[in-house]
Amino acid sequence: MLGLGIESSCDETSIGIVEDGNKLLSLKIFSQIETHAEFRGVVPEIASRAHLEKINILLEEALKEASLSLSDLSYVAVTTRPGLLGSLMIGAQLARCISFACKIPIVTVDHLEAHLNTVHLENKIPKFPYIGVLLSGGNSSIFIVEDFGKMKLLGDTSDDALGEAFDKVSSLLNLSYPGGPAIEKRASQYNQNSADKSPFPELLKDLPSDKIQFSYSGIKTSVLYYVKKQELNDEKINEICYHFQNTAFQLVEKNILKAIKLTGIKTIVASGGVVANETLRKRLLFIAAKKKIELYFPEKKILCTDNGAMVASLGYYLFQSGVRDSIDFRVSPNR
Ligand code: KG4
């Protein structure tokens, strides 16, 4: 069964074509990073215009790459929540047009769930229920995923998302946007010594043991005040990046361990832009080995980011379970 997935919830316009939910036939992604770089964050109005300019071109390219035409498709899946309203509407309208013209069903998809479904595209099939960990520019959340289309929030951030914190700290240090890759690189260049003490306090130190929560605005402020008192040279920037990243990831580990303890579930699926970080991947693998956890994340880093293939993949499973949405579906900024 051939399905098309449309993703336009934030600053990536993407079309993916997937066979039977897990075979990737083509994937086209246009990232608006350069467009938003001068603002050091996504500008919603600019994002929707950029989606509109690119989406039809990507559709044509994706079909060409897969040597298919629209009439070969069995369903069209589209991200409808959560995301920027104007951006979601561009993808939604394309889905409606394809559904109407080709007389194929629409399946609307939750963006966060689609991220967690990405591992299917690498033929990894986690068993339900699993713990879903989503770490991106807009989300730091942990879910119990009980089935396709069925997930329950265990905890999320009370302020900034993890990727957003990377972007803001990068800006404070005059590094590039998006901040994740820049900070990761600098952190890896730091000559750490064992007597080293972090200038940043542990995050959410006093959080009750049964509560799962993220918060990254505090560390951003700590970095801001620390930077003001320092002579910034290359080695100092590397040191700040190292300690920021280390402190930020400690909270991820703490929350994952809590989720395992609270639920008794020992299967973890992690995804989202921040999961492209090598240090985080190594740390998650280390915990998984130590605690005998079955851990899944996308091997291909491109699949960590927003993409249409994950939408087509989740769309397939929802379609198989009988989901069909009417052409007048709504988009929503929330889940
Ligand atoms: O999932 P994603 O591609 O899209 C949105 O959330 O819109 O995530 C983008 C976020 C950005 O904040 C970026 O700085 C972060 O993921 N990111 C990283 C890395 N690569 C991207 N964070 C840490 N380390 C990385 N290597």
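The structure under discussion appears in the preceding block.
Read on for an overview of the structure.

This part takes up unusual backbone geometry. A cis amide bond links F128 to the next residue, P129, at an omega of -10°. Summarising the element assignment, P129 is placed in the loop between helix 4 (111–117) and strand 6 (130–135). A positive phi angle, near 55°, is found at R40, a position not held by glycine. Structurally, the position occupied by R40 is in the loop between helix 1 (33–37) and helix 2 (44–65). Positive phi, close to 45°, is recorded for L204, a residue that is not glycine. Residue L204 is classed as partly exposed on the basis of its relative accessible area of 23%.

Further remarks concern the layout of surface pockets. Volume-wise, the largest pocket comes out at about 1,200 Å³. In terms of lining residues, the largest pocket is bounded by 43 residues, among which D11, S136, G137, G138 and D167 are the most central. Among the secondary structure elements, those contributing two or more residues to the lining of the largest pocket are strand 3 (23–31), helix 4, helix 5 (162–172) and helix 6 (179–188). At six residues, the largest contribution of residues to the lining of the largest pocket is made by helix 5. Class assignment for the residues of the lining of the largest pocket results in 17 nonpolar, 17 polar and nine charged. Shared between two domains, the lining of the largest pocket takes at least three residues from each, and those domains are domain 1 (2–118 + 303–320) and domain 2 (127–302).

Bringing helix 6 into the picture now. Residues of helix 6 that are buried include every one of G179, A182, I183, E184, R186 and A187, and no others. In this structure, the buried residues of helix 6 make contact with helix 5, helix 8 (234–263) and helix 9 (278–291).

What counts as what
- Residues numbered from 1 in each chain as written.
- Predicted model: local features only at pLDDT ≥ 70, side-chain atom pairs only at ≥ 80, totals over all residues.
- Heavy atoms only, no water.
- Helix = DSSP H or I, 4+ residues; strand = E, 2+ residues; numbered from the N terminus.
- Buried < 20%, exposed > 50% of the residue type's maximum accessible area, 1.4 Å probe, protein only.
- 1 Å grid on protein atoms, 1.4 Å probe; cavity = no way out; pocket = protein on both sides within 12 Å on 5 of 7 lines; lining within 4 Å.
- Points joined across faces, edges and corners; volume = space filled by probe spheres on them.
- Nonpolar A, V, L, I, M, F, W, Y, C, P; charged D, E, K, R; others polar.
- Domains from an automatic or database assignment.
- Contact = heavy atoms within 4.5 Å.

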